[in-house]
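As a plain string of letters, each chain reads:
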Amino acid sequence: MARTPTHRTTHRGTALWCYLTALVAVPLAGVGVLTSLVAVHTSGDVGSARRAESAVRAIASLDAVRTAAEQEILPTLALAVIDDPTAATALGVTPWMLAAARGTAADGAVEARTATDAAVAAVPAGSLGADVVERVAADLAGLRADSDTGQVRLEQLYLGYLGVSNDVMTAERAAAAAAVSEGVPARTARAVQDVLTIATLAQDATRQTPLYLGSLFAPDGALIGSRLAWETGWLSYTDAQRQMEELSQESLHTAWVRLRDSELVTQLDALVTPATTAGELTADVGRLTELLFRSADRDAALAGLVGTAVDDVRALAAADREDAAAVLRRTVELGIGLLLVAALGAVWLGRTVSRSLGLLAGQATRISEGELVEVEVHGPREVRTVSAALGEAVAGLRRIQDQAQAVARGDLDDALLNQPLPGPLGEVVHASIRQIVTSVRQREELQFALAHRATHDPLTELPNRAQALTLVTSALHRARRSGAMTGLLFVDLDGFKAVNDGHGHAAGDTVLREVAARMRAMVRQGDVVCRLGGDEFVVLVEPVETERDLMDLAERLIAGLSEPIEVGGLVQIGASVGIAVSRDGGADADALFAEADTAAHRAKQHGRGRAEIFDDALRRQLAARAATETAIAAALTDGGMRLVYQPVLDVADQHLRGYEALVRWVRADGTVVPPDAFIPVAESSSLICDLDRWVLHEATRQLAAWRAASPAVPGAAEPTMAVNVSGRHLTDRRVVADVADALAASGLPPRLLVLEVTETVLVDDPVAMTHLAELRATGVSIAIDDFGTGYTSIGQLRHMPVDTLKIDRSFVASPDPGQRELVGLIISAAHTFGLDVVAEGVEEPVQLERLRAQACDLAQGYLLHRPLPADVAGTLMGALPEATPAS
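Let me begin by describing the structure that accompanies this report.

This part covers the nonpolar core. Residues Ile632, Met641, Met721, Leu755 and Leu775 are the most contacted members of the largest nonpolar core, which totals 71 residues. Of the residues forming this core, the biggest block, 9 residues, is contributed by helix H23 (residues 687–709). The contacts of Leu755, once residues within four sequence positions are left out, are Leu696, Val723, Val725, Val739, Leu775, Val780, Ser781, Ile782 and Ala783.

Applying the stated criterion across every chain, the model contains 31 salt bridges. Here Arg260 ties to Glu245 by a salt bridge, and the two come within 2.6 Å at their closest N and O atoms. With Arg260 in helix H9 (residues 250–260) and Glu245 in the loop between helix H8 (227–243) and H9, this pair connects stretches of sequence that are 15 residues apart. Relative accessible area serves as the criterion here: at 39%, Glu245 is assigned to the partly exposed category. Taken together, the shared-partner salt bridges connect Asp492, Asp494, Lys604 and Arg608 into one network.

As paired strands, strand S1 (residues 485–494) and strand S3 (residues 536–544) are joined by 7 bridges and run antiparallel to one another. Counted as the bridge partner of Leu488 is Leu540 from S3. In terms of strand pairing, strand S2 (residues 528–533) meets S3 through 5 bridges, oriented antiparallel. Bridging across to S3, Gly533 finds its partner in Glu536. In this structure, the hairpin formed by S2 and S3 is closed by a connection of 2 residues, where Gly534 is found at a positive phi of approximately 60 degrees.

Glancing now at the environment of Ala855. With respect to the helices and strands, the residue Ala855 is situated in the loop between helix H30 (845–853) and strand S16 (858–859). In sequence terms Ala855 and Ile827 are 28 residues apart; their C-alpha atoms lie 7.4 Å from each other. For Ala855, the residues in contact, after removing those within four places along its chain, are Ile827 and His831.

Of all the positions in H30, only Gln847, Leu848 and Leu851 are classed as buried. All buried residues of H30 fall inside an arc of 100 degrees around its axis, so they share one side. Along H30, exposed side chains directed more than 90 degrees from the buried face belong to Pro845 and Ala853. Directly beyond the C-terminal end of H30, a positive phi value near 65 degrees is found at Ala855.

On to the environment of Ser248. Tracing the sequence through the fold places Ser248 in the loop between H8 and H9. Sequence spacing of Ser248 and Gln193 is 55 residues, and the spatial spacing of their C-alpha atoms is 8.6 Å. If we ignore the near neighbours within four places in the chain, the residues touching Ser248 are Arg190, Ala191 and Asp194.

Both strand S14 (residues 804–807) and strand S15 (residues 836–839) contribute to a ladder of 4 bridges, which runs parallel. Each residue of the ladder has a partner; that of Ile807, found in S15, is Ala839. In this sheet, S16 lies alongside S15 in parallel orientation, the contact comprising 2 bridges. Within the sheet, the bridge partner assigned to Ala839 lies in S16 and is Ala859. A crossover connection joins S15 to the parallel S16 through H30; in handedness this β-α-β unit is right-handed.

So, on to unusual backbone geometry. Among all residues save glycine, negative phi is the norm, and among peptide bonds the norm is trans. Glu542 connects to Pro543 through a cis peptide bond whose omega is -10 degrees. Examined against the element boundaries, Pro543 turns out to sit in strand S3. Unusually for a residue other than glycine, Asp786 sits at a positive phi of about 55 degrees. Along the polypeptide, Asp786 turns up in strand S13 (residues 781–787). Given a relative accessible area of 26%, Asp786 falls into the partly exposed group.

This part takes up the sheet that holds strand S6 (residues 574–582). Taken in spatial order, the 5 strands make up an open sheet running S2-S3-S1-S6-S7, and their pairing is mixed. With one partner strand each, in any of the chains shown, S2 and strand S7 (611–613) form the two edges of the open sheet. Across this sheet, the average inter-strand angle for adjacent strands is 20 degrees, counted without regard to direction. Packing of helix H16 (residues 465–482) onto the sheet brings it into contact with S1, S2, S3 and S6, and relative to S3 it is tilted by some 15 degrees. Those strands touched by helix H20 (residues 589–605) are S1, S2, S3, S6 and S7, and its axis lies near 140 degrees from that of S6.

Basis of the calculations
- Residues numbered from 1 in each chain as written.
- Predicted model: local features only at pLDDT ≥ 70, side-chain atom pairs only at ≥ 80, totals over all residues.
- Heavy atoms only, no water.
- Core = buried A, V, L, I, M, F, W, Y, C linked by side-chain atoms within 4.5 Å.
- Buried < 20%, exposed > 50% of the residue type's maximum accessible area, 1.4 Å probe, protein only.
- Helix = DSSP H or I, 4+ residues; strand = E, 2+ residues; numbered from the N terminus.
- Contact = heavy atoms within 4.5 Å.
- Salt bridge = Lys/Arg side-chain N within 4 Å of Asp/Glu carboxyl O.
- Pairing = 2+ DSSP bridges.
- Arc of directions from axis to C-beta.
- Right-handed = clockwise from strand over helix to strand, strands pointing away.
- Axes fitted to C-alpha atoms, helices over the stretch in contact; angles between N-to-C directions.

The following block contains the structure:
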């Protein structure tokens, strides 16, 4: 069967890849390979220059070691000669003169050894010659020991130092050979040779004085004392001088000529020339003295010349490295430039060869911009093929466009969306359209769910605190326009914590859901029940006819919430309700919430399970609370807060073991505000965090000051400083940083700081437990304060990040035998878990004796010490007992 073509046959042209391959691939590949080869070669030059520079640095450090070691020879040999009993006779001087000279020689030897040790230590580990330096350092240590004990002969001592010098010089030459072997320029190689030439001269010059002195005083037959050794050394020295005439650097040669012709060198050379007989030299004591003083000056001058030569070589090596790096950069830049030129040429040629491709690109661009144009089919074969395919794609895109427009209109039920597109690709695209439709519907549902979650409590589905604030604000705006009365009931559950502790959090969640359901059922349609968090709810009531209506609703809520709830067993809770009223919408939402909260607190204080209306008395109380908060904030900045310190003593021996910092507020008129009057106010706001930070800084600073004034006795336990940290501050994410800042500012070691927290904080908030673990990891100690008054069981202690238990004063002072036995049980259990125990509120001697019998560790209370001002408490630091010597 013949196949009918569906498209018009087009003429076949030359394939486009032929042009592109010829125009782009060959030149770009050639330039790239050439650039890579040159760059690799130049990189090798850079590496060689770096290694040569490293070898030059090794020459410098090795020459410093050699020079320093040679400077030890003369004073060391001088000490050996002076300590020889025959030295005075040989020199023709009195013994006391030799004794005076010995002090000078000893000082010179110490100074020379110090310089040698410094030069050895300056040699980098792993550098060229480092192994030689390590070996000669051991040799020098042996020579020094032999010299100090006088157990070595003069010629052995000299030959030992000579061997050290020769070893280091050999290492210098090896380093120079390594530098030259890296293919450095000729000028650098000549400069390296200059360093060796000058170093050889300096080495031979340093040996002249010991050989000269040895020929005078050493016994016959000794190598160092032979005239032949002296004359041989002189020949080496004069030969090295002749080698100096071959220095390649004019500046070094000029410096050498100036030094050679100087009065110092000419006179010293004349002084030690072998032309003079030994008898004449021995008789001339003045020449000996001059020799000892001027020889060191000449050696120092030659060492300086060596240093100048080394600096020149290092500068040349660094310049070589920079030159090699510059060549590498230029090579890479040239290669990149050639590549760019070749690429640009290829692009230009490609554009001129295939204009039809540009037309196709223009059409494709218009299509990519959303304009579905008709595609013209002409040009080379590949362009024609692409044009035909693009035309078919445009037809398919028009179908997709129609379906996309339906989605954009939001007409997700349009029948067009159900029409499939032809071909496998059409199936995929159509599936994508359907997926988009599904995703849009899911997004709308998710947006609704997210909006609901942002404004509602996930457990009870009631509006949350933020939404409650918004609803109350809107209600007050409506009341402001209408003049109607608006009521807000603050419902605080009673006994809910006991449900959580006794039955678990799952049971607590069940109770909260049941409470929400009962409250919704008991309010009018239009009134709103919201959950603020925890066990706190509010009810927004609008409009309100009379305050009696609000009180009736509160009583119904209390009665309804007091009914038993099934949670796998019956539990019963209650409720305390605070009522706030806005009669004309004049109050803002925050004030209305604060009034209802205050009324609820009064309901709890008056016995729970009741309702209270916010009245003028509560308004005055709220205003007083606000005034107190303002005054607390001012006291923290103007110095109104004070700390007193109650000592904590060892129960066994009543020695001081620490302090507890207690805050006191002294107003400007001298009135002392009791802690019970301002601490609860601070704890109800973020002020407690500011107060905690102030106490932390002041207490740590004070203990640090006491320690500085009374240094610790070695072996004695240093007193600690205990600081109370509130539950609000402990759950604050900044608490760890606050403690670290206080310790850093005071310089107090973390081990001397004890943070006291109440056990209810640990039970109620997991974040507090996490922060305590982080704080304990920094080194501070953690104490549970008022232990026994909360719901913590003894068994929970093993899992808590704590170090100390503080037994509440109510247990310590109780006359009940059962309470006393409980105290003993707590102490025993704490010791089992490795915890220390502090008894609070010890006020009677019998209490202290009972605690001692129960093996309690520490105690505090009025019987021992009342809280003391800083100047008095600090005096106790000076009475610390001395440490008992270890047996």
